[in-house]
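# Commentary on secondary and tertiary structure
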Amino acid sequence: MSEYSRSPRQPRKRQSGSAPKGATGARSTSKSGSKPGFKSGSKPAPKRGAGARFAGSTKPSQPTKLPTRPASPPVDVHDPQGVRLQKLMAAAGVGSRRVCENLIEQGRVEVDGHVVTELGVRINPRAQVVHVDGVRVNLDEDRVYLAFNKPKGVVTTMNDDLGRVSLADYVGNREQRLFHVGRLDADTEGLLLLTNDGDLAHRLQHPSHGVLKTYLATVRGPVGKDVGRQLRQGVELEDGPVQVDSFKVVDSQPGKAIVEVVLHEGRKHVVRRMLEAVGHPVLDLVRTEVGPIRLADLRSGRMRRLNKAEVGALYKAAGL
């Protein structure tokens, strides 16, 4: 049988009586004690299979090709009775009509979680959700989002049977029914969000969504170094344990101190109760932040509309 008719995986047989390649004459051992058939000081020839592979074999570094899977069919988000997507985006303040068209063509716009790149798509702004670069866009012009600096002495309700000053005295003349995001007791002042977006209001105040609220509390001092550790580890209240997400001393004066408390809990009087539990009753309490929204320089008793970026940040914080 010819040596070229062998299977490529079978090593070539050495002819009887032939000497190994590189050897001269009979087999001998060099002076240096090296193996027969090799020059002194040279590296041994690589074993068959250690270097170049046999024909038909796969290289160790060559990845195995995965089977191709059929792509999922595209989802049609088009509503023939709806409004053009770029028109709605422009009205929502995303940018000019042309800018919105460019965003769609670049694949940066999602409708109900699906990327849209066609300019002719129409959608229902009341039933469908739009994200641009991962940030939700409010398409419903009837939605209201307000930041209110609640003064001390105002109760967090739209209708108080006892005739006390309530939120209705500040927003009662609006046509839309507004929800307050969480509560602030009458003795606590600061940031309160008001909206007619019930789903967003629920998510912002529910502890499971982890939206942080920041408070500045004036307490009896001085505040020991172990107070922060106690609050971060958790303290036991009558309705269960509670722990802060962050705590720090902002200012210290004789007999009192100002501390910053950050937590996602929303139980009644929770900040006052937990600080009293560690020996520092609250003298004054102000809420300064809810998620990404800050009180900043908003005066007591005043309110302002949230801008488009702030509304988008709230949606993101709430996981919408």
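Before reading further, recall that the structure is shown in the block above.
Residues numbered from 1 in each chain as written. Predicted model: local features only at pLDDT ≥ 70, side-chain atom pairs only at ≥ 80, totals over all residues. Heavy atoms only, no water.

### A look at empty space enclosed by the protein
- If you walk through the whole model with that rule in mind, you get one cavity of 30 Å³ or more.
- Size it by volume and the largest cavity reaches roughly 50 Å³.
- In terms of lining residues, the largest cavity is bounded by Tyr 145, Leu 146, Val 181, Leu 193, Leu 194, Thr 195, Leu 200, Leu 204, Leu 306 and Leu 314.
- The element that contributes the greatest number of residues to the lining of the largest cavity is strand β9 (residues 189–195), accounting for three residues. (1 Å grid on protein atoms, 1.4 Å probe; cavity = no way out; pocket = protein on both sides within 12 Å on 5 of 7 lines; lining within 4 Å. Points joined across faces, edges and corners; volume = space filled by probe spheres on them. Helix = DSSP H or I, 4+ residues; strand = E, 2+ residues; numbered from the N terminus.)

### Considering the nonpolar core
- Ranked by internal contacts, the top residues of the largest apolar core, which has 32 residues, are Leu 194, Val 219, Leu 231, Phe 247, Val 259 and Leu 275.
- Those elements that provide at least two residues to this core are β7 (145–150), β9, β10 (213–220), α5 (226–233), β11 (235–237), β14 (256–263), α6 (270–277) and β15 (282–290).
- Among all residues touching Leu 231, those that are not within four sequence positions of it are Gln 243, Val 244, Phe 247, Met 274, Leu 275 and Val 278.
- The next biggest cluster of nonpolar side chains, apart from the first, holds 19 residues, and it includes Leu 200, Val 211, Val 290 and Leu 306. (Core = buried A, V, L, I, M, F, W, Y, C linked by side-chain atoms within 4.5 Å. Buried < 20%, exposed > 50% of the residue type's maximum accessible area, 1.4 Å probe, protein only. Contact = heavy atoms within 4.5 Å.)

### So, the packing of aromatic side chains
- All told, the structure shown has two aromatic pairs when counted by the stated rule.
- Judged by centre distance (6.3 Å) and plane angle (75°), the ring pair of Tyr 145 and Tyr 315 falls under edge-to-face. In this pair, Tyr 145 is assigned in strand β7 and Tyr 315 in helix α7 (residues 308–317), connecting sequence segments 170 residues apart. With respect to burial, Tyr 145 and Tyr 315 carry one shared label: buried.
- Centroid distance Phe 148 to Tyr 170: 5.0 Å. Interplanar angle 55°. Geometry classified as tilted. Taken together, the positions of Phe 148 in strand β7 and Tyr 170 in helix α3 (residues 168–171) put the pair 22 residues apart, joining distant regions of the chain. (Phe/Tyr/Trp six-rings, centres within 6.5 Å; stacked < 30°, edge-to-face > 60°.)

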